[in-house]
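# Remarks on the overall topology
What follows is the residue order along each chain.
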Amino acid sequence: MAEVQLLVLGPEGVGKTVMLKRLQTLTAQQNLAQAQQKRQDLGEAPSTIPTVGVNLVTVTHNRKKYTFRELGGAMGPIWNNYFKDAACLVYVIDRANQAQVASACIQLLEVLSAKQTQEMPVLLIFNKIDSPDCMSMSEISAIIRLRDVSSKRETGHHSFGMQF
Ligand SMILES: Nc1nc2c(ncn2[C@@H]2O[C@H](COP(=O)(O)OP(=O)(O)OP(=O)(O)O)[C@@H](O)[C@H]2O)c(=O)[nH]1
Ligand SMILES: [Mg+2]
């Protein structure tokens, strides 16, 4: 079976582990296409503790195995040790954390500047859209240098409505 390795990065507490737990639960119950169509209420968020080290989650979809390797935000200084094994990057930003958004963007730019990530597709997820503190995308754009981010990559824009 073909296997894809994805690296899941983002500052501490942005919701990487919750997102992966939910993805795993959904795919255990039904296939992803069905889950997306139903847009069902996912209920209470599963409890988590900060990821110390690596959190590995494997999901099978369309006869492909996807291995998500989440690195805890606290491991930021050594994320680059894991770039070489990844085919794709998923970077999560907490849309409700005003104090963290700017540093999250700087960290992302560092990741995108690394030689080993140059050819990797990047999925940027703005998380916690349910939070009362969630900033609008125009507020986020004023803080985050989205133009700098996209200038580092050819961009394709996809929007989807699954809420983790
Ligand atoms: N409101 C809201 N809270 C969320 C969401 N996703 C995660 N959380 C909460 O955010 C906190 C941190 O979630 P984690 O998934 O552990 O964060 P993480 O990115 O894995 O953090 P590290 O492993 O420390 O890097 C938890 O209290 C979650 O319940 C979301 O979509 N909305
Ligand atoms: Mg985690």
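Remember, predicted model here, so these are calculated numbers, not experimental data.

### Concerning the nonpolar core
Val8, Leu9, Tyr91 and Val92 are the most contacted members of the largest nonpolar core, which totals 19 residues. Counting only elements with at least two residues in this core, the list comes to strand 1 (2–9), helix 1 (16–29), strand 3 (64–71), strand 4 (88–94) and helix 3 (98–113). Considering every element that reaches this core, the biggest residue donor is strand 4, with 5 residues.

### Remarks on the environment of Ile93
Note on placement: Ile93 falls in strand 4. Residue classification places Ile93 among the buried residues on the basis of 22 C-beta atoms within 10 Å. In this structure, the C-alpha to C-alpha distance between Ile93 and Glu12, residues 81 residues apart in sequence, is 9.7 Å. Non-local contacts of Ile93, meaning those with residues more than four positions away in its chain, are made with Gly10, Val14, Val101, Ala104, Leu124, Ile125, Phe126 and Asn127.

### With respect to the pairing of strand 3
Of the pairings in the sheet, the one linking strand 1 to strand 3 comprises 7 bridges and is parallel in character. Residue pairing across strands places Ala2 opposite Lys64, the latter belonging to strand 3. Alignment of strand 2 (residues 54–61) against strand 3, held across 8 bridges, turns out to be antiparallel. What sits directly across from Val54, in strand 3, is Leu71. Hairpin connection of strand 2 to strand 3: 2 residues between the antiparallel strands, including Asn62 at a positive phi of 50°.

### Description of the UniProt feature "binding site: Mg(2+)" (unreviewed entry) in the chain
With numbering aligned to this structure, UniProt lists the feature "binding site: Mg(2+)" (unreviewed entry) at Thr17 and Thr51. Considering the C-alpha atoms alone, the annotated residues occupy 35 residues of sequence yet fold into one spot, their largest mutual distance being 7.6 Å. Within the secondary structure, Thr17 sits in helix 1. Dropping the residues within four chain positions of it, Thr17 is found in contact with Thr48, Thr51, Asn55 and Glu70. Within the secondary structure layout, Thr51 lies in the loop between helix 2 (32–38) and strand 2.

### Brief notes about the sheet that holds strand 3
Strand order in the open sheet formed by 5 strands is 2-3-1-4-5, and the pairing between neighbours is mixed. Across the chains shown, the open sheet's two edge strands, defined by having one partner strand only, are strand 2 and strand 5 (122–127). Sheet twist, expressed as the mean angle between neighbouring strand axes with direction ignored, is 25°. Sheet contacts for helix 1: strand 1, strand 2, strand 3, strand 4 and strand 5; angle to strand 2, the most-contacted strand, approximately 30°. Together, strand 1 and strand 4 form the strand contacts of helix 3, whose direction differs from that of strand 4 by roughly 165°.

### Remarks on the pairing of strand 4
Of all 7 residues in strand 4, 6 are buried; the element is thus mostly enclosed. The pairing of strand 1 with strand 4 spans 4 bridges and is parallel. Counterpart to Leu7 in the pairing with strand 4 is Leu89. Summarising the sheet, strand 4 and strand 5 pair through 6 bridges and their orientation is parallel. Its bridge partner lying in strand 5, Ile93 is registered against Phe126. Each parallel crossover has a hand, and the one from strand 4 via helix 3 to strand 5 is right-handed.

Scoring rules and cut-offs
Residues numbered from 1 in each chain as written. Chains lettered and ligands numbered in written order. Predicted model: local features only at pLDDT ≥ 70, side-chain atom pairs only at ≥ 80, totals over all residues. Core = buried A, V, L, I, M, F, W, Y, C linked by C-beta atoms within 7 Å. Buried ≥ 20, exposed ≤ 12 C-beta atoms within 10 Å, placed from the backbone. Helix = DSSP H or I, 4+ residues; strand = E, 2+ residues; numbered from the N terminus. Contact = placed C-beta atoms within 7 Å. Pairing = 2+ DSSP bridges. UniProt positions renumbered as here; feature names shortened; annotations may be inferred. Axes fitted to C-alpha atoms, helices over the stretch in contact; angles between N-to-C directions. Right-handed = clockwise from strand over helix to strand, strands pointing away.

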